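Residue strings, one per chain:
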Amino acid sequence: MIPIQYFVSPADVRDALATGCRWILLAECPSDLESSLRDCHGAGCFLTICDDAETVRDALADGLLLTSSGIDTMVARHPEPSGIVLQHPRLVTSAIHMARGVLGEDSPQVIGVAVDNATDAVAAAKAGADYVLLPGHAAIGIAADVRQAGCGIYMVAHFEGEVTPDDAFQVLGAGLHGIACHIDHVPPSALPVLLHADE
């Protein structure tokens, strides 16, 4: 089975689970997050939430994905005492440390970071991120640079539009570990074809 992080809305969680999906990402938190968590965990599915470390901690969700806006928000809430304005990759590094501080140093919850270049991906790995989300086919070159820098981190190619089994095979064949796609472009009826394309 191909590892797929599936971006869905809270209303689509059950439809996503019915496909056999084992990794769901919620861009926004539903009022009944406990229900989504129960459904996911009952199906053996990993549930990640975007940009809200406090909710991930309090709800005991499985992971946090920091997007560029989440990184900016996290750092803005906890500015440098010196007043220095952080730039990438220090911005990425700082946000990961802050998120880990919120979740707890010994927390089993994973932290992912959406980045668009190898410098930030390497910084994320060194700061303790568990995975990086890299942009589509560009992920192939970025992943090669990350490996050349000697970093071992779980890397996922994020497709914002349609994604085919050939796309999946191309990025997985280049050494990435999984793909990410959106329910708007890959409906639940099409997801099983991707999930089982390697079988």
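Details of the structure are given in the entry above.
Quantities reported herein were computed from a predicted structural model and do not represent experimental measurements. (Residues numbered from 1 in each chain as written. Predicted model: local features only at pLDDT ≥ 70, side-chain atom pairs only at ≥ 80, totals over all residues. Heavy atoms only, no water.)

S.K.: Describe the nonpolar core, listing the residues and the values that go with them.
M.R.: Most often, soluble globular proteins keep nonpolar side chains buried together rather than apart. Judged by nonpolar contacts, the single largest core of 65 residues is most densely connected at Ile24, Leu66, Val113, Leu134, Val146, Leu176 and Ile179. In terms of residues, this core owes the most to one element, helix α5 (residues 90-103), which gives eight residues. Apart from the residues lying within four places of it in its own chain, the contact partners of isoleucine 179 are Ile2, Pro3, Ile4, Gln5, Val156, Ala157, Phe159, Val163, Ala168, Val171 and Leu194. Counting 10 residues, the second largest nonpolar core, distinct from the first, contains Phe7, Leu25, Leu65 and Val156. (Core = buried A, V, L, I, M, F, W, Y, C linked by side-chain atoms within 4.5 Å. Buried < 20%, exposed > 50% of the residue type's maximum accessible area, 1.4 Å probe, protein only. Helix = DSSP H or I, 4+ residues; strand = E, 2+ residues; numbered from the N terminus. Contact = heavy atoms within 4.5 Å.)

S.K.: Can you tell me about the sheet that holds strand β6 (residues 131-135), naming the residues and giving the values?
M.R.: Pairing is parallel in the closed barrel, where eight strands are placed in the order β1-β2-β3-β4-β5-β6-β7-β8. Taking each pair of neighbouring strands and ignoring which way they run, the sheet shows an average axis angle of 25 degrees. Each of β6 and β7 (154-158) is contacted by helix α7 (residues 139-148), which is oriented at about 140 degrees to β6, the strand it contacts most. (Pairing = 2+ DSSP bridges. Axes fitted to C-alpha atoms, helices over the stretch in contact; angles between N-to-C directions.)

S.K.: Give a description of the packing of helix α6 (residues 118-126) against α7 that names residues and reports values.
M.R.: At a closest axis distance of 9 Å, the pairing of α6 and α7 adopts a crossing angle of 50 degrees. With respect to α7, the element α6 is oriented oblique. Crossing angle aside, the handedness with which α6 passes α7 is right-handed. The segment α6 lies against α7, with Ala118, Ala121 and Val122 engaging Ile142, Asp145 and Val146. Residues belonging to the contact of α6 with α7 are distributed by class as follows: five nonpolar, no polar and one charged. (Parallel < 35°, antiparallel > 145°, perpendicular 65-115°, else oblique. Left-handed = near helix turned anticlockwise from the far one by under 90°. Nonpolar A, V, L, I, M, F, W, Y, C, P; charged D, E, K, R; others polar.)

S.K.: Tell me about the packing of aromatic side chains, and name the residues and values.
M.R.: Aromatic ring pairs are reported here in terms of the distance separating the ring centres and the angle at which the planes meet. Applying the stated criterion across every chain, the model contains three aromatic pairs. Relative to phenylalanine 46, the ring of tryptophan 23 lies with its centre 6.3 Å away and its plane at 80 degrees, an arrangement referred to as edge-to-face. Within this pair, whereas tryptophan 23 is found in strand β2 (residues 23-26), its partner phenylalanine 46 is found in strand β3 (residues 46-50), the two being separated by 23 residues in sequence. Given a relative accessible area of 10%, tryptophan 23 falls into the buried group. The class for phenylalanine 46 is partly exposed, based on a relative accessible area of 27%. (Phe/Tyr/Trp six-rings, centres within 6.5 Å; stacked < 30°, edge-to-face > 60°.)

S.K.: Any details on the side chain of glutamine 5? Residues and values, ideally.
M.R.: Of note, glutamine 5 is situated in strand β1 (residues 4-8). Given the relative accessible area of 0%, glutamine 5 is considered buried. Excluding its chain neighbours within four sequence positions, the residues that come into contact with glutamine 5 are Trp23, Leu25, Thr48, Tyr131, Leu133, Ile179, Ala180 and Cys181.

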